[in-house]
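# Survey of secondary and tertiary structure
Chain by chain, the residues:
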Amino acid sequence: MNQDIVQLITGFLGSAGFALVFNVRLKNLLAPSLNGLFTTGIFLLMFRFYSNYFIACFVASAFSALFGEVLARIKKTPASVFFIPGVVSLIPGGALFYTMSYAVKKDWINCKMYGFLTMEYALGIACGISIAWALWYMVQKMITNMVKGSKTEI
C-alpha cells in the first residue's frame, strides 16, 4: 500500500512538473496535476482488479482524455493543457528502458518480453485516448443537433 501512495504522489508531482515544462499558467497548474493523480490512481485500481496492463492503461488514459476535455470546457483552455501532463504518468519508461537494454545486450528473449509489455502499455494508452475522444465528439455532436432541433445523423 505504501508503494501505491508513493506512485500517486509521483503521478501528481510528475504531471505538475511536466505542465511547468510546457509553460502551463500557474492558475491552471492544479488541474493537470490532479489529472495525473487521478489517472495514476485509476491505473493502479484497474491493474489490481484485472492484472492486465492494456486494460489498466486503456481505462486510465480514457479517463485522462475525458477529464481534460471537461476541464477545457470549464476553464476555456485547450484540452491538451490538461490532458498531456495527466497522461504522462502512464508512459512505460521502465519497460522501454529494459527493452532497449536487453536489445543492446542481444538478450532477445527478455527483449521480446519487455517489448511486448511496452506495446501493451502503448496500445492501451492509444486506444483509450482514441475511443474516449471519439465518444466525446459523438456525444457533443448529438447534443448540438438536439439543441438545434435537427435530426441530422452523425
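First things first, this report covers the structure right here in the doc. Here the residue numbers are simple positions, counted from 1 along each chain's written sequence. Totals for whole chains, interfaces and linings use every residue, but because this is a predicted model, local features are given only for residues with pLDDT of at least 70 and side-chain atom pairs only at 80 or more, for both listing and counting. The side-chain values count all of the structure's non-hydrogen atoms but skip hydrogen atoms and water molecules.

Here a pair means two rings of Phe, Tyr or Trp (six-membered ring of Trp) with centres within 6.5 Å. Their orientation is stacked below 30 degrees between planes, edge-to-face above 60, and tilted elsewhere. Inspection of the entire model under this criterion finds 15 aromatic pairs. With centroids separated by 6.4 Å and ring planes inclined at 75 degrees, the aromatic side chains of Phe38 and Phe63 adopt a geometry described as edge-to-face. One end of the pair, Phe38, is in helix α2 (residues 30-50); the other, Phe63, is in helix α3 (residues 53-75), and 25 residues separate them in sequence. Through a chain of ring-to-ring contacts, the aromatic side chains of Phe43, Phe47, Tyr53 and Tyr121 assemble into a single cluster. Starting at the N terminus, helices and strands are each numbered in turn, a helix being any DSSP run of H or I of at least four residues and a strand any DSSP run of E of at least two.

Before going further, it helps to examine the nonpolar core. Across soluble globular proteins, you tend to see nonpolar side chains buried next to one another. Here, nonpolar core refers to any group of buried Ala, Val, Leu, Ile, Met, Phe, Trp, Tyr and Cys residues whose side-chain atoms link them within 4.5 Å. Throughout this description, buried means an accessible area under 20% of the type-specific maximum (1.4 Å probe, protein chains only), exposed means over 50%, and partly exposed covers the range between. Counting 18 residues, the largest nonpolar core has Phe43, Leu90 and Ile125 as its most contacted members. Elements that contribute at least two residues to this core include exactly α2, α3, α4 (80-87) and α6 (108-148). Discounting chain neighbours no more than four positions away, the residues touching Phe43 are Tyr53, Ala56, Cys57, Ala60, Leu90 and Tyr121. Grouped together as the second largest cluster of nonpolar side chains are 10 residues, Val24, Phe67, Ala72 and Val81 included. In what follows, a contact means two residues having at least one pair of non-hydrogen atoms within 4.5 Å.

Turning next to helix α1 (residues 2-21). Given the number of residues in a helix, its expected span is that number minus one, multiplied by 1.5 Å. Compared with an ideal rise of 1.5 Å per residue, which puts 20 residues at 28 Å, α1 spans 28 Å between its outermost C-alpha atoms and is within 8% of the ideal. Buried residues along α1 sit against α2 and α4. Of the residues one or two after α1, Asn23 is the one with positive phi, at around 55 degrees.

Another point: α6. For the α-helix, the turn length of 3.6 residues means that residues three or four positions removed from each other point alike. End to end, α6 covers 59 Å across 41 residues, agreeing with the expected 60 Å (1.5 Å per residue, within 8%). Turning to α6, its buried residues number three or more, namely Cys111, Gly115, Leu117, Thr118, Tyr121, Gly124, Ile125, Gly128, Ile129, Ala132 and Asn145. The elements touched by buried residues of α6 are α2, α3, α4 and α5 (93-104). Once α6 ends, the next one or two residues include Gly149, with phi positive near 80 degrees.

The next thing to look at is a nonpolar patch on the surface. Each patch is built from residues lacking any salt bridge and having more than 30% relative accessible area; the joining distance is 9 Å for like charges and 5 Å for nonpolar side chains (Val, Leu, Ile, Met, Phe, Trp, Tyr). In this description, accessible areas are obtained by the Shrake-Rupley approach with a 1.4 Å probe, and a residue is regarded as covered only by the protein chains that are shown. Salt bridges are identified by distance alone: a Lys or Arg side-chain nitrogen within 4 Å of an Asp or Glu carboxyl oxygen. A contiguous nonpolar patch, built from Leu45, Phe49, Tyr50, Ile55 and Val59 and spanning about 480 Å² of accessible area, is present on the exposed surface. Ranked by residues supplied to the nonpolar patch, first place goes to α2 with 3 residues. Positionally, Ile55 belongs in helix α3.

Quick look at the pattern of salt bridges now. Here the structure, examined in full by the defined rule, presents 2 salt bridges. Across the salt bridge formed by Arg48 and Asp4, the nearest N and O atoms sit 2.6 Å from each other. With Arg48 in helix α2 and Asp4 in helix α1, the pair connects residues that are 44 residues apart, well separated along the chain. Its relative accessible area of 56% is what places Arg48 among the exposed residues. We note a salt bridge from Glu69 to Arg73, for which the minimum N-O separation is 3.0 Å. Here the residue Glu69 and the residue Arg73 both occupy positions in helix α3, the gap between them amounting to 4 residues, near one helical turn.

Moving on: the environment of Val147. By the secondary structure assignment, Val147 is in helix α6. Sequence spacing of Val147 and Arg48 is 99 residues, and the spatial spacing of their C-alpha atoms is 42 Å.

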